[in-house]
Amino acid sequence: MAERFDVVVLGGGPAGEHAVGRCTVAGLTTALVEQELVGGECSYWACMPSKTLLRPGQVLAAARRVPGAAQAVSGRLDADQALARRDWMTSGWDDKGQVEWLERVGATLVRGRGRLVGERTVAVDAGEGPARTLTARCAVILATGSSPFIPPIEGLHGIRRWDNRAVTSAKAVPARLLVLGGGAVGAEMAQAWRRLGTREVSVVEAAERLLPGEEPFAGEEVAGAFADEGIAVILGTKMVAARRVADDAPVVATLEDGRVMTADEILVAVGRRPNTADIGLETVGLEPGRPVPVDDTLCAAGVPGSWLYAIGDVNGRALFTHMGKYQARIAVDALLRRPVCDEADHGMVPRVTFTDPQVASVGLTERQARDRGVSVRVVRVPLQATAAAAVAGEDVTGTAQLVIDEARQVVVGATFTGPDIDGLLHSATVAIVGEVSMDRLRHAVAAFPTLSEVWLELGLAYRAGRASSDPDAKGAWS
Ligand SMILES: Cc1cc2nc3c(=O)[nH]c(=O)nc-3n(C[C@H](O)[C@H](O)[C@H](O)COP(=O)(O)OP(=O)(O)OC[C@H]3O[C@@H](n4cnc5c(N)ncnc54)[C@H](O)[C@@H]3O)c2cc1C
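Residues numbered from 1 in each chain as written. Predicted model: local features only at pLDDT ≥ 70, side-chain atom pairs only at ≥ 80, totals over all residues. Heavy atoms only, no water.

Caption draft 1: Fine view of the environment of His157. Examined against the element boundaries, His157 turns out to sit in the loop between β7 (146-148) and α6 (164-169). Through-space distance from the C-alpha of His157 to that of Gly312 is 27 Å; in sequence the pair is 155 residues apart. (Helix = DSSP H or I, 4+ residues; strand = E, 2+ residues; numbered from the N terminus.)

Caption draft 2: Geometry of the site of the ligand. Around the ligand, the surrounding shell holds 36 residues, and the nearest of these are Glu34, Lys51, Gly114, Asp313 and Thr321. Residue Asp313 places a side-chain N or O atom 2.8 Å away from an oxygen atom belonging to the ligand. Here Thr321 contributes a backbone N or O atom positioned 2.9 Å from an oxygen atom of the ligand. For the shell around the ligand, the elements supplying multiple residues, two or more each, are α1 (14-25), β2 (30-34), α2 (40-45), α3 (47-64), β4 (113-118) and α9 (321-335). Residues that form the shell around the ligand fall into these classes: 14 nonpolar, 15 polar and 7 charged. (Near = heavy atom within 4 Å. Polar contact = N/O pair within 3.5 Å; in protein donor to acceptor, adjacent residues only side chain to side chain. Nonpolar A, V, L, I, M, F, W, Y, C, P; charged D, E, K, R; others polar.)

Caption draft 3: How the structure looks around the nonpolar core. Leu142 and Leu308 are the most contacted members of the largest nonpolar core, which has 54 residues in total. Taken together, the elements giving at least two residues each to this core come down to β1 (3-10), α1, β2, α5 (96-105), β5 (121-125), β6 (132-142), β16 (308-310) and α9. No other element matches the 8 residues that α9 contributes to this core. Not counting the four nearest positions on each side in its chain, Leu142 is found in contact with Leu10, Leu116, Ile279, Leu281, Val292, Leu308, Tyr309, Ala310, Ile311 and Val314. One finds Met348, Ala360, Ala428 and Leu451 within the second-largest nonpolar core, a separate group that totals 30 residues. (Core = buried A, V, L, I, M, F, W, Y, C linked by side-chain atoms within 4.5 Å. Buried < 20%, exposed > 50% of the residue type's maximum accessible area, 1.4 Å probe, protein only. Contact = heavy atoms within 4.5 Å.)

Caption draft 4: Representation of the pairing of strand β18 (residues 358-363) in the model. With 6 of 6 residues buried, β18 lies mostly within the body of the structure. In terms of strand pairing, strand β17 (residues 351-353) meets β18 through 3 bridges, oriented antiparallel. Looking across to β18, one finds that Thr353 is bridged to Val359. The loop that links β17 with its antiparallel partner β18 comprises 4 residues. Of the pairings in the sheet, the one linking β18 to strand β21 (residues 410-418) comprises 6 bridges and is antiparallel in character. Across the sheet, Ser361 pairs through a bridge with Thr415, a residue of β21. (Pairing = 2+ DSSP bridges.)

Caption draft 5: Here's a closer look at the sheet that holds strand β10 (residues 231-235). Taking strand neighbours across the sheet as the criterion, the 4 strands line up as β10-β9-β8-β14 in an open arrangement whose pairing is parallel. Of all strands in the sheet, those bounded by a partner on one side alone are β10 and β14 (265-268). The sheet shows a mean angle of 15° between the axes of neighbouring strands, taken without regard to direction. The sheet contact formed by strand β8 (residues 176-180) and strand β9 (residues 200-205) spans 5 bridges and is parallel. Counterpart to Val179 in the pairing with β9 is Val203. Packing against the sheet, helix α7 (residues 184-196) makes contact with β8, β9, β10 and β14, and its axis sits at approximately 170° to β8. (Axes fitted to C-alpha atoms, helices over the stretch in contact; angles between N-to-C directions.)

Written out as structure tokens, the structure reads:
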């Protein structure tokens, strides 16, 4: 017999969990269907373990920039301890804590693989016994996330390789690591493992620079840092073949220019595909294997009755945990028939690549803004124009750039690079989302000496009519 709930959420990653939380707060009876671990990719094989693996190297690098502290950290990073802390962060890949939270908020966890079998109905196969049938009075929310995309490179599908799961859960430091893909995941993991002790790390990226979705200077600065710490970066070249003669033999990869590269592990980090191949989309008139199309309330487009929603990576709009959670709030408000509009992924997505230097950005790049016909004005200043950069340590460099819609005199894009600049990002997001005028922004005074004073430098550059200031110049503090 079917079990009835107000809402059935399919997939317990950050988007699904957040939706469950919002539903239960609203007093809706809610079932969460999860086939693996409650917490999803983010908690166990993506954001949390990857940032934890990066952290020891970042702390060490920060200390080494400060005379006095540098002398105290002359030893090597302890990889075993770092991996143990990663294990702690993922609770040893055990979701007990998250299951307890579900119990506390009064949601029902249904373990097993779920799929739509018609309007408002989900069948759950737990592997043993008959499938359970769940029906939703109000809505079904799809939050099944995404999986790594493995490109059609000769030999690659048949060999043992690392994906985001293997690279974030590895138990030992490989001697040689080859990274296919120089986007955020590839760049972060290349640096994490290099700093954890991998002797040879190479990144192969088909585009002409690292982090191709970001401003060109961002990828260039990261590539410069990689060169300094011995990470090889090969740009503008595709991998065409990969093979291992045995499962435990080295991987030998061939690039299109004929170069042959040998490594112990190969990380494939070239993108994601939505988990929609086998969730019953065809039973409600949608196409399997593709991102679920949604409107601005996250309601599935083309499905009558406004009962099906899709949030997080599964809709392909903005593949970040914070965006999945934002969409969860929008979707739950929408199913409660509150007026909403998901507009944050229309060009305002904040994102951070947690390399050293970090790259934090929100809104449009200069190129995107020009392509949209915005009357673009760009101002760019060096981070070292702030006193805080000098206090942070020696050779602390970076860049802050605003893309300004000159017609409206508002910021439409911002990019910051440098160590520990992620804290600057939200001020830019507020300026963009709030459409705060450049004139008004000058009254948002930043405390001295914080990196936020880079906003003062940006404002001065804007009013002075400069496109960018001299990268060697000291700022107002000097
Ligand atoms: C290495 C790496 C690092 C990242 N770092 C960051 C970061 O620092 N910050 C950030 O914002 N984003 C980061 N991301 C992206 C982030 O992990 C994803 O955007 C986020 O996990 C998406 O959340 P989700 O809930 O949509 O899906 P997921 O986290 O993928 O969760 C989906 C869940 O659905 C379950 N599921 C799937 N199909 C079914 C089914 N049929 N039945 C039952 N359950 C099912 C899965 O088991 C899974 O638990 C990173 C990604 C990677 C790969």
